[in-house]
Amino acid sequence: MNEMIARPILMQDEKNGDGDNANRGTSVITRTKPKTKKPNLYRVLLLNDDYTPMEFVIHILERFFQKDLEAATRIMLHVHNHGVGECGIFTYEVAETKVSQVMDFARQHQHPLQCVMEKK
Ligand code: TYC
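Scoring rules and cut-offs
Residues numbered from 1 in each chain as written. Predicted model: local features only at pLDDT ≥ 70, side-chain atom pairs only at ≥ 80, totals over all residues. Heavy atoms only, no water. Helix = DSSP H or I, 4+ residues; strand = E, 2+ residues; numbered from the N terminus. Areas by Shrake-Rupley, 256 points an atom, 1.4 Å probe, with all protein chains shown as cover. Pairing = 2+ DSSP bridges. Axes fitted to C-alpha atoms, helices over the stretch in contact; angles between N-to-C directions. Contact = heavy atoms within 4.5 Å. Core = buried A, V, L, I, M, F, W, Y, C linked by side-chain atoms within 4.5 Å. Buried < 20%, exposed > 50% of the residue type's maximum accessible area, 1.4 Å probe, protein only. Near = heavy atom within 4 Å. Polar contact = N/O pair within 3.5 Å; in protein donor to acceptor, adjacent residues only side chain to side chain. pLDDT = per-residue confidence, 0-100. Left-handed = near helix turned anticlockwise from the far one by under 90°. Nonpolar A, V, L, I, M, F, W, Y, C, P; charged D, E, K, R; others polar.

A.B. asks: What am I meant to see in the overall build of the protein chain here?
C.D. replies: When helices and strands are tallied, the protein chain shows 3 helices and 5 strands. Moving toward the C terminus, one meets the helices and strands of the protein chain in the order β-β-β-α-α-β-α-β. Of the roughly 8800 Å² of accessible surface on the protein chain, a fraction of 49% belongs to carbon and sulfur atoms.

Spelled out as structure tokens, the structure:
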């Protein structure tokens, strides 16, 4: 989300000895400065349930959140033990896509796994 916005910089020539503007010209130069705006971020969360197999949740974390086996297992166990856990932090559209992918995949396999997003 970096926008390059051209913003005018006003440059006035030095005034002459008696205080008048020498009128050698008031010039406007234009330069581009990167103007950064931080995007709104969203946590994608998995919710615990009693039925979805642990291996399936680990697979979800590997497949849709690029976690290795160790990280996926840690997150799955955190959700299992605490009821909810974070899979990642994304911009709105990416988070929305991840939630849909997880929910669709769980439904296809007839597991009740729930995945939600919340504003950070
Ligand atoms: N609690 C599930 C079980 O014991 C495992 C599980 C973990 C389910 C994480 C969902 O988001 C979840 N099989």
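A.B. asks: Please explain the sheet that holds strand S3 (residues 41–47) as it appears in this structure.
C.D. replies: Within a beta sheet, neighbouring strands are joined by backbone hydrogen bonds and run either parallel or antiparallel to one another. A sheet is described by the order of its strands in space; here 3 strands give the open sequence S4-S3-S5, paired in antiparallel fashion. Where the open sheet ends on each side, the last strands, each with one partner, are strand S4 (84–91) and strand S5 (114–119). Across the sheet, the mean angle from the axis of one strand to that of its neighbour is 30°, orientation sign disregarded. Bridging between S3 and S4 involves 7 bridges; their strand directions are antiparallel. From the neighbouring strand, Leu41 faces S4, where its bridge partner is Thr91. Where helix H2 (residues 69–82) meets the sheet, its contacts fall on S3 and S4, and the angle it forms with S4 comes to roughly 125°.

A.B. asks: Explain the nonpolar core to me, please; I cannot follow it from the model alone.
C.D. replies: The nonpolar side chains of a soluble globular protein tend to be buried, and buried together. Val44, Leu46, Ile60, Leu61, Phe65, Val102 and Leu113 are the most contacted members of the largest nonpolar core, which has 23 residues in total. Within the residue set of this core, elements represented by two or more residues are S3, helix H1 (54–65), H2, S4 and helix H3 (92–108). With 7 residues, H1 is the single largest residue contributor to this core.

A.B. asks: Would you take a moment to explain the site of the ligand for this structure?
C.D. replies: The environment of the ligand is formed by Leu46, Leu47, Asn48, Asp49, Thr52, Met54, Val57, Met76, Val79, His80 and Leu113. Contact between the ligand and Asp49: a nitrogen atom at 2.7 Å from a main-chain N or O atom of the residue. Considered on its own, the ligand offers 350 Å² of accessible surface; in the complex 89% of this is hidden by protein. Among the elements of the structure, S3, H1 and H2 are those that each provide at least two residues to the shell around the ligand.

A.B. asks: How should the confidence of the model for the protein chain be read in this particular structure?
C.D. replies: Interpretation of the predicted coordinates at a detailed level should be avoided for regions scoring low in pLDDT. Looking at the protein chain as a whole, its pLDDT mean stands at 84, while 75% of the residues score no less than 70. Low pLDDT, under 50, characterises residues 1–24; the stretch is placed with 42 contacts to residues that sit more than four places away or in other chains.

A.B. asks: How should I be thinking about the packing of H1 against H3 in this particular structure?
C.D. replies: To describe two helices that pack against each other, one gives the angle between their axes and the distance between the axes. Contact geometry of H1 with H3 gives a least axis separation of 11 Å together with a crossing angle of 145°. Of the two elements, H1 crosses H3, and the hand of that crossing is right-handed. From H1, Phe56, His59, Ile60, Arg63, Phe64 and Phe65 reach across to H3, where they touch Lys98, Gln101, Val102, Phe105 and Ala106. Counted by class, the contact of H1 with H3 contains 7 nonpolar, 2 polar and 2 charged residues.

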